[in-house]
Amino acid sequence: MDFVEVRVQAPRELADILIAELAEVGYDTFEDNDDGFCAYIGEGDFNPDAVAEVMSRYEALGELEFEHRVITRQNWNAEWEKNFEPLVIADKVSVRAPFHEPRPDLQYEIVIMPRMSFGTGHHDTTALMITNQLEIDHQGKRVLDMGCGTGILAIMAVLLGADYVLAVDVEPWTAENAADNAVENNVQNKVEARLGDITALDGEAPFDIILANINRNVLLEDMPAYERYLKPGCPILFSGFYEEDLALIRAAAEKAGFRYESHRIQNDWVSAIFYK
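Report on the accompanying structure. (Residues numbered from 1 in each chain as written. Predicted model: local features only at pLDDT ≥ 70, side-chain atom pairs only at ≥ 80, totals over all residues. Heavy atoms only, no water.)

**Some points on the overall build of the chain**
Moving on, step 1. Broken down by element type, the chain carries eight helices and 14 strands.
Moving on, step 2. Computed over C-alpha atoms, the radius of gyration of the chain comes to 18 Å, within 12% of the 19 Å expected from 2.2 N^0.38 for 276 residues, which places it in the range of a compact globule.
Moving on, step 3. C-alpha atoms of the chain, sized along the principal axes, occupy 55 × 45 × 35 Å.
Moving on, step 4. Looking at the 276 residues of the chain, the share that counts as buried comes to 53%.
Moving on, step 5. Of the roughly 12300 Å² of accessible surface on the chain, a fraction of 46% belongs to carbon and sulfur atoms.
Moving on, step 6. Side chains of the chain carry 22 positive and 50 negative charges; the gap between the two charge centres is 8 Å. (Helix = DSSP H or I, 4+ residues; strand = E, 2+ residues; numbered from the N terminus. Rg over C-alpha atoms; globule rule 2.2 N^0.38 Å. Buried < 20%, exposed > 50% of the residue type's maximum accessible area, 1.4 Å probe, protein only. Areas by Shrake-Rupley, 256 points an atom, 1.4 Å probe, with all protein chains shown as cover. Lys, Arg positive; Asp, Glu negative; His and termini not counted. Charge placed at Lys NZ, Arg CZ, Asp CG, Glu CD.)

Shown next, in the form of structure tokens:
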């Protein structure tokens, strides 16, 4: 399955509104850039009229341009191989592709083949989540990674000592990619990649740690479910939203029964730690 990239040029304050609006019509992955952002959706779910309607409601508020293109598996693979640079997070974690040189001088190493999935560590939210993970005791824990993308957070959890990680994502190619990356990092015996949304957890026992790097709207919608699937006294890490949305996320989390612990900010993106 291929997907569609909608590239939007807009000022920051308008971009935030448009991201929220596009999330309402099915877009679940967004990446910032210097001019605005890109939004992604499966080709079969793409509706150009819905995008045009959203844009028309806000074009009077600021300079706004948008275009779209179909990205095939082949084009995506070529794109990430061309642009994927090795990364170091918190001076402890190396994130690289298989064709990069290893970094044995660092404590942890994650090898990622993104393919058509998102989460190479280069986005601020992924780096923030990994930095927060380094502060959490994963030893012997049972972990849930919601919106797993490439599986990078699930792999990090195992490197930090987790016994089992359930990595869940709504996109078929993403669940497939997360499973492949688990093999690439020799953690396939501890990572289960599963296709689905929050309903894919039906029948699951509560987890010791939840990692939820998705987007604001999904986090708010699924907050009560996160409470059900987390053991008392245990941490949940959120990301995928801007600093200005932290108060909204915090209010929803506290209403659901979570206690705010701390948060980090990087380029206006946030990752926050709560406890049940």
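Further notes follow.
**A look at unusual backbone geometry**
Moving on, step 1. Unlike most non-glycine residues, Asp 91 shows phi in positive territory, near 60°.
Moving on, step 2. With respect to the helices, strands and loops of the structure, Asp 91 is situated in the loop between β5 (87-89) and β6 (93-96).
Moving on, step 3. The phi torsion at Asn 267 lies on the positive side, around 50°, for a residue other than glycine.
Moving on, step 4. The topology assignment puts Asn 267 in the loop between β13 (259-266) and β14 (269-275).

**Quick notes on the packing of helix α4 (residues 124-133) against helix α5 (residues 152-159)**
Moving on, step 1. In the contact formed by α4 and α5, the axes pass within 10 Å of each other and the chain directions differ by 15°. Overall, the two elements α4 and α5 adopt an arrangement that is roughly parallel. As α4 packs across α5, the resulting crossing turns out to be right-handed. Mapping the contact onto sequence places Thr 126, Met 129, Ile 130 and Gln 133 in α4 and Ile 152, Leu 153, Met 156 and Ala 157 in α5. (Axes fitted to C-alpha atoms, helices over the stretch in contact; angles between N-to-C directions. Parallel < 35°, antiparallel > 145°, perpendicular 65-115°, else oblique. Left-handed = near helix turned anticlockwise from the far one by under 90°. Contact = heavy atoms within 4.5 Å.)

**A word on the environment of Leu 153**
Moving on, step 1. Within the secondary structure layout, Leu 153 lies in helix α5.
Moving on, step 2. Residue class for Leu 153 comes out buried when judged on its relative accessible area of 3%.
Moving on, step 3. Taking C-alpha positions, Leu 153 is 23 Å from Asn 33, a pair spaced 120 residues apart along the chain.
Moving on, step 4. Apart from residues no more than four positions distant in its own chain, Leu 153 is found in contact with Thr 126, Met 129, Ile 130, Gln 133, Asp 145, Leu 211 and Asn 213.

**Points about the pattern of salt bridges**
Moving on, step 1. Overall, the coordinates contain 18 salt bridges when judged by the stated rule.
Moving on, step 2. A salt bridge links Glu 204 to Arg 142, with the nearest nitrogen and oxygen atoms 2.5 Å apart. In this pair, Glu 204 sits in the loop between β10 (191-195) and β11 (209-213) while Arg 142 sits in strand β8 (residues 142-146), placing the two residues 62 residues apart along the sequence.
Moving on, step 3. Taking relative accessible area as the criterion, Arg 142 reaches 22% and is therefore assigned partly exposed.
Moving on, step 4. Of the charged contacts, one joins Arg 194 and Glu 192 as a salt bridge, the two residues approaching to 3.0 Å between their closest N and O atoms. (Salt bridge = Lys/Arg side-chain N within 4 Å of Asp/Glu carboxyl O.)

**Description of α5**
Moving on, step 1. In terms of burial, α5 is largely enclosed, as seven of its eight residues are buried.
Moving on, step 2. All buried positions along α5 are accounted for by Ile 152, Leu 153, Ala 154, Ile 155, Met 156, Ala 157 and Val 158.
Moving on, step 3. With its phi angle positive at about 115°, Gly 161 sits one or two positions after the end of α5.

**What about the side chain of Thr 131?**
Moving on, step 1. Looking at the element boundaries, Thr 131 is found in helix α4.
Moving on, step 2. For Thr 131, a relative accessible area of 18% gives the class buried.
Moving on, step 3. Reaching out from Thr 131, the side chain makes a polar contact with the backbone oxygen of Ala 127 at a distance of 2.8 Å. (Polar contact = N/O pair within 3.5 Å; in protein donor to acceptor, adjacent residues only side chain to side chain.)

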